[in-house]
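# A look at the structure
Each chain is listed here by its residues.
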Amino acid sequence: MIRKSIAGVLCAFVCSAALYAQVTADPQDEFYSLALNWYNRGIVEKLPPVRPYPYQNVKSILDQVLENGNERDKEDASLAYERITGKKLYVYVDAEGFLKYEKIEKDGKSDSDLGKNIYLCPGVEGDRTLFEGDDRASFGYRMGITVAKYPDVDYKPMGATPAHDAIYDPSKFGPLTMYLDVNTAVAYGSENLFVQGGIYRNGFGNWLNEGLALNDAGFHKTNFSLTWMSGKVSYTQQLSMLGSTSAFNGAIETLGAGKILGFHAISYEISKAFDFSFYETTVIGNRFDICTLLPVPYMISEELTGAGDGVFMGLAFNVKFFPGVTWANDIMVDDFPIDEFLKHNYDSKYRVAAKTGVIWTPEESFVERVGLNFVAVTPYTYSHWEYDPHTGKAKISPNMNNYQDYTNNGIKIGSQYEPNTGAVELSFDLRPVKRLKMNVHGSVALHGNISESLTDEEAIKYLSSESGTYATDGSVYQHSMFSNPDATLGDHVETAWNHLNFLNQSHLMTTIKFGSQAEYLIMQKENGSSVSLKGGFDIEYIHNYGVGNEMFPGGSISGAITPESRKAIVDLYRKLWKSQLCNKMNFFFNFGVSIRY
């Protein structure tokens, strides 16, 4: 610990000046927002399927814009070009302050609290080729530290993910904590055939930071991928190493290795107006399966190993009505009872995450992008049970990790909405003046705790279980199986297997958000050095806050329960859960400066 603290202090002094992310190792860099807009308007012919892109692909995209774009496009491309080619090493610092005011109303009474937080993020970063004059081998990196008082997600609206990729082993300096914050990406190949690897976030699809299968806003992971693009066809195969966490609540204190994500996608452009992608993902653990490295159907390989993995398949398609207007769609399926669907029975175990929306990117306007989306995540989607590997039976034990749910380091890999949620989102990217970029966004989301739909008999099983075995909070950690230590297959939660129960609970949590973020570029030199100011606010109103609390906590009752007392006991815990519900209003403010030299 002493050596680690000394190293951190030295790093802080050496890297004394903002997170202005490097392009080839961070899919949340501003470049990717611009690239999606340029592609939507037809200025760029094709984008690689998975973000981030290698150095030579980034340069190719910028070259197309410099040749085909309007004056504003060319100016944006020139600034991005300067950032990736100006210097091979930049020193950066990002300093940001946060305020949070929350007000809770319950039973006619109100209570409020004001919190403050600071972030200081110094380090070095850059995008470069490994060999002079040869773009085929490239390296992107950001290596620094994050110094903070509290986690940044505590000062963001519900569902937000960490802005920084930091390890969970900090050094302490009084009230502050300091973490390593590192992302790297190495790529080799041609523009149309390349391999890429490193530790970084990545995303898939037409929505930046909102993917159903791979979300740019998710926590970073170790990735290795192969991408091939030829004419109208593209294919990507990716293997990622994840951090497993508690099967009960995703607690990061239980972080462990051995969890693997396999992803592959094939895309075909039928015409300039229509393209589609078919993709699969699989999450496994405590073993390595060579199928995660091969272009074979995961659904088939799962059958060969016992059909117990977390496997998803998806279909994404985009319809361009005319340049600048796209109808974008994505549906990701965990389980789909085709026999029930053909019988027109829609009250069954449909495990689906779906998104549809319209993206408009006008030309020569202060409005740069408008997005209107509808998102739905049905109950138990992204969730998966895990059996105790030490018993050889279908036993679900406390204090065990889950190697098959759709999370990494306790953070969701896909949609950031919990299962059993529907939402409408509206956002605007604006540029009122040349150097000022703004985003204005709003959303309305409904979420229900699926535990409210359980039968009394099922509720008693949860209440009688050992504490820490089952989640009943309606989150991604609540799954659809009971332990069965005497067999190789667990017992179904019948309500979950035979019914959909999508947002039909009596107490739904309604979350209304509105906010704006802005960044003003004070200056950028030809070598890519820059200074910018940023700030913004978010307002969040939550009706029935507390829906995500445990409803039937394990370890609450023991011994035999008579049929006569069962209903009274379950009603009592339902009433206790309901008594915690309240209304909450949150106000978030942030302001900061970014320096890159």
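Procedures and definitions
- Residues numbered from 1 in each chain as written.
- Predicted model: local features only at pLDDT ≥ 70, side-chain atom pairs only at ≥ 80, totals over all residues.
- Heavy atoms only, no water.
- Helix = DSSP H or I, 4+ residues; strand = E, 2+ residues; numbered from the N terminus.
- Rg over C-alpha atoms; globule rule 2.2 N^0.38 Å.
- Buried < 20%, exposed > 50% of the residue type's maximum accessible area, 1.4 Å probe, protein only.
- Lys, Arg positive; Asp, Glu negative; His and termini not counted.
- Charge placed at Lys NZ, Arg CZ, Asp CG, Glu CD.
- Contact = heavy atoms within 4.5 Å.
- Phe/Tyr/Trp six-rings, centres within 6.5 Å; stacked < 30°, edge-to-face > 60°.
- Lys NZ or Arg CZ within 6 Å of the ring centre and 35° of its normal.
- pLDDT = per-residue confidence, 0-100.
- Expected span 1.5 Å × (residues − 1).
- Arc of directions from axis to C-beta.
- Polar contact = N/O pair within 3.5 Å; in protein donor to acceptor, adjacent residues only side chain to side chain.
- Patch = residues over 30% accessible without salt bridge, like charges linked within 9 Å, V, L, I, M, F, W, Y side chains within 5 Å.
- Areas by Shrake-Rupley, 256 points an atom, 1.4 Å probe, with all protein chains shown as cover.
- Salt bridge = Lys/Arg side-chain N within 4 Å of Asp/Glu carboxyl O.
- Core = buried A, V, L, I, M, F, W, Y, C linked by side-chain atoms within 4.5 Å.

Moving on, we get to the overall build of the protein. The helix and strand tally for the protein stands at 9 helices and 26 strands. Over its C-alpha atoms the protein spans a radius of gyration of 24 Å, differing by no more than 12% from the 25 Å that the globule rule assigns to 597 residues. Projecting the C-alpha coordinates of the protein onto the three principal axes gives extents of approximately 80 × 55 × 50 Å. Out of the 597 residues in the protein, the part that is buried amounts to 55%. Taking the 52 positively charged and 70 negatively charged side chains of the protein as two groups, their mean positions are separated by 4 Å.

Moving on, we come to the environment of F336. On the secondary structure map, F336 appears in the loop between β14 (325-335) and α6 (338-342). Overall, F336 belongs to the partly exposed group, its relative accessible area being 33%. Counting along the chain gives 129 residues from F336 to S465, while the straight-line C-alpha distance between them is 29 Å. Leaving out residues up to four positions away in the same chain, F336 has contacts with F341, Y350 and V352.

Here the focus is the side chain of D134. You can see D134 is positioned in strand β4 (residues 134-148). With a relative accessible area of 18%, D134 lands in the buried category.

Per the counting criterion, the structure on display carries 24 aromatic pairs. Measuring from ring centre to ring centre gives 5.0 Å for F31 and Y32, while their planes differ by 80°; the resulting arrangement is edge-to-face. One exposure class covers both F31 and Y32, and it is buried. An aromatic cluster of at least three residues, connected via ring pairs, comprises F336, F341, Y346 and Y350. Here K87 stacks its cationic end above the ring of Y597, 4.7 Å away from the centre of that ring. The positively charged end of K320 is found above the aromatic ring belonging to Y39, 4.0 Å away from the centroid.

So, on to the confidence of the model for the protein. Predicted coordinates in areas of low pLDDT are best not read in detail. For the protein, the mean per-residue pLDDT works out to 92, and 96% of the residues sit at or above 70. Per-residue pLDDT stays below 50 along residues 1-20; that stretch engages in 47 contacts with residues further than four places along the chain or on separate chains.

So, about the environment of L99. Within the secondary structure, L99 sits in strand β2 (residues 90-106). Not counting the four nearest positions on each side in its chain, L99 is found in contact with G115, K116, Y155, F587, F588 and F589.

Right, let's talk about helix α4 (residues 71-85) for a bit. With 15 residues, α4 should reach 21 Å at 1.5 Å per residue; the first-to-last C-alpha distance of 21 Å fits that figure. Listed in full, the buried residues belonging to α4 are D73, D76, A77, A80, R83 and I84. Looking straight down α4, one finds its buried side chains confined to an arc of 115°; they lie on one side. The N-cap of α4, judged by a side-chain oxygen 3.1 Å from the amide nitrogen of R72 a few residues on, is N70.

On the surface, Y188, L193, V195, F224, L226, W228, F288, I290, L293 and L294 cluster together to form a nonpolar patch covering roughly 910 Å² of accessible area. Counting residues per element, the ones that place at least two in the nonpolar patch are β7 (193-200) and β9 (221-230). Position of L193 relative to the elements: it lies in strand β7.

Another point: the nonpolar core. Of all hydrophobic cores here, the largest spans 30 residues; its most connected members are Y462, L463 and F552. For this core, the secondary structure elements donating two or more residues are α7 (456-464), β22 (481-482), α8 (494-498) and α9 (563-579). Once residues within four sequence positions are removed from consideration, L463 is found in contact with F552, P553, G554, G555, S556, I557, I569 and Y573. By size, the runner-up hydrophobic cluster in this structure holds 26 residues, among which are A213, L242, V283 and Y477.

Any two side chains of opposite charge can pair, given that their charged atoms come close. A complete count under the given rule lists 30 salt bridges for this structure. Here R596 ties to E125 by a salt bridge, and the two come within 2.6 Å at their closest N and O atoms. Pair noted here: R596 is in strand β26 (residues 582-596) and E125 is in strand β3 (residues 109-131), with a separation of 471 residues, a long-range link. With a shortest N-O distance of 2.3 Å, K355 and E210 are connected by a salt bridge. Residue K355 is found in strand β15 (residues 351-360), and its partner E210 is found in the loop between β8 (203-204) and β9; the two are separated by 145 residues along the sequence. For E210, a relative accessible area of 27% puts it in the partly exposed group. Put simply, R72, D76, E368 and R431 are held in one network by salt bridges that share partners.

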